[in-house]
Amino acid sequence: MAKDSALLSELHKLIGQRMEGGQIAQPSEIVEEIFKSKPLTGPHADFYRAFAKKELVGVVTRMLKRVGMSDDPASPQMVLPGHTRLVKSYPVLRNGERSLVPIGLCTTQELSDHVSLLRKQAKGCENHAAELVEYLATKTPRAKIEAQIERSERTVAEPA
């Protein structure tokens, strides 16, 4: 587990360095950096490298997807100066991979797609909240009925 957290820490560091440098953080490139710093050796290194690369690219991709997807203010090192929620980089699909691209290097279409995604998520959250409110409105009477049925069943089951 310690090795996992050390690897995640190193991945966060590499992503942060790219963000600070105004560079695109592409999962496959980040994984290649890891392999350069920690090369695999041995008779089956190619097999392990191929397997590890696929897994690590997935881990980095999931890490990048989370950036800029919350209504919470972004962490200070990620926030675009002068803003509370806009971040320095956004996850976009580039070269077949979900990459973290500095906002200034994003195309108008990529940023518009992100706006649409956030609005779609907001609508989904609003619909979910409305259903939950509806459920809560019906829960109290249903709970009373269920409790009443349970009391009735206990009364019938207990001999007089």
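Our subject is the structure listed above.
Residues numbered from 1 in each chain as written. Predicted model: local features only at pLDDT ≥ 70, side-chain atom pairs only at ≥ 80, totals over all residues. Heavy atoms only, no water.

Undergrad: Whenever I open this one, the pairing of strand E2 (residues 97-102) confuses me. Can you help?
TA: Residues in a regular strand point their side chains to alternate faces of the sheet. Summarising burial for E2: five of the six residues are buried, a large majority. Taking the residues that link successive antiparallel strands as the turn, the strand E1 (residues 89-94)-E2 hairpin has two residues, and the phi of Asn-95 there is positive, at about 50°. (Buried < 20%, exposed > 50% of the residue type's maximum accessible area, 1.4 Å probe, protein only. Helix = DSSP H or I, 4+ residues; strand = E, 2+ residues; numbered from the N terminus. Pairing = 2+ DSSP bridges.)

Undergrad: Got a minute to help me understand the nonpolar core in this structure?
TA: In globular proteins that are soluble, nonpolar side chains generally tend to be buried together. By size, the foremost hydrophobic cluster in this structure holds 23 residues, and its most contacted members are Leu-11, Ile-15, Ile-30, Val-31, Val-60, Leu-64 and Leu-100. Tallying contributions element by element places helix H3 (residues 45-65) first for this core, with six residues. (Core = buried A, V, L, I, M, F, W, Y, C linked by side-chain atoms within 4.5 Å.)

Undergrad: Would you mind going over unusual backbone geometry with me for this structure?
TA: Notably, Asn-95 is not glycine yet its phi reads approximately 50°, a positive angle. The exposure class of Asn-95 is exposed, given its relative accessible area of 71%.

Undergrad: Even after reading the chapter, I still don't get the packing of aromatic side chains, so can you show me in this structure?
TA: Each aromatic ring pair is characterised by the separation of its centres together with the angle its planes make. Overall, the coordinates contain one aromatic pair when judged by the stated rule. For the ring pair Phe-47 and Tyr-48, a centre distance of 5.4 Å and an interplane angle of 70° mean the geometry is edge-to-face. By relative accessible area, which is 58% here, Phe-47 ends up exposed. (Phe/Tyr/Trp six-rings, centres within 6.5 Å; stacked < 30°, edge-to-face > 60°.)

Undergrad: What exactly am I supposed to notice about H3 here?
TA: Residues that lie three or four places apart on an α-helix share one face, since the helix turns once every 3.6 residues. An ideal rise of 1.5 Å per residue puts 30 Å on 21 residues; H3 measures up with 29 Å between its terminal C-alpha atoms. Taken together, the buried positions of H3 are Ala-45, Ala-52, Leu-56, Val-57, Val-60, Thr-61, Met-63 and Leu-64. (Expected span 1.5 Å × (residues − 1).)

Undergrad: Any chance you could explain the side chain of Arg-18 here in plain terms?
TA: Position of Arg-18 relative to the elements: it lies in helix H1 (residues 2-20). When its relative accessible area of 12% is taken as the criterion, Arg-18 is described as buried. In terms of polar contacts, Arg-18 uses its side chain to reach the side chain of Glu-33, at 2.4 Å. (Polar contact = N/O pair within 3.5 Å; in protein donor to acceptor, adjacent residues only side chain to side chain.)

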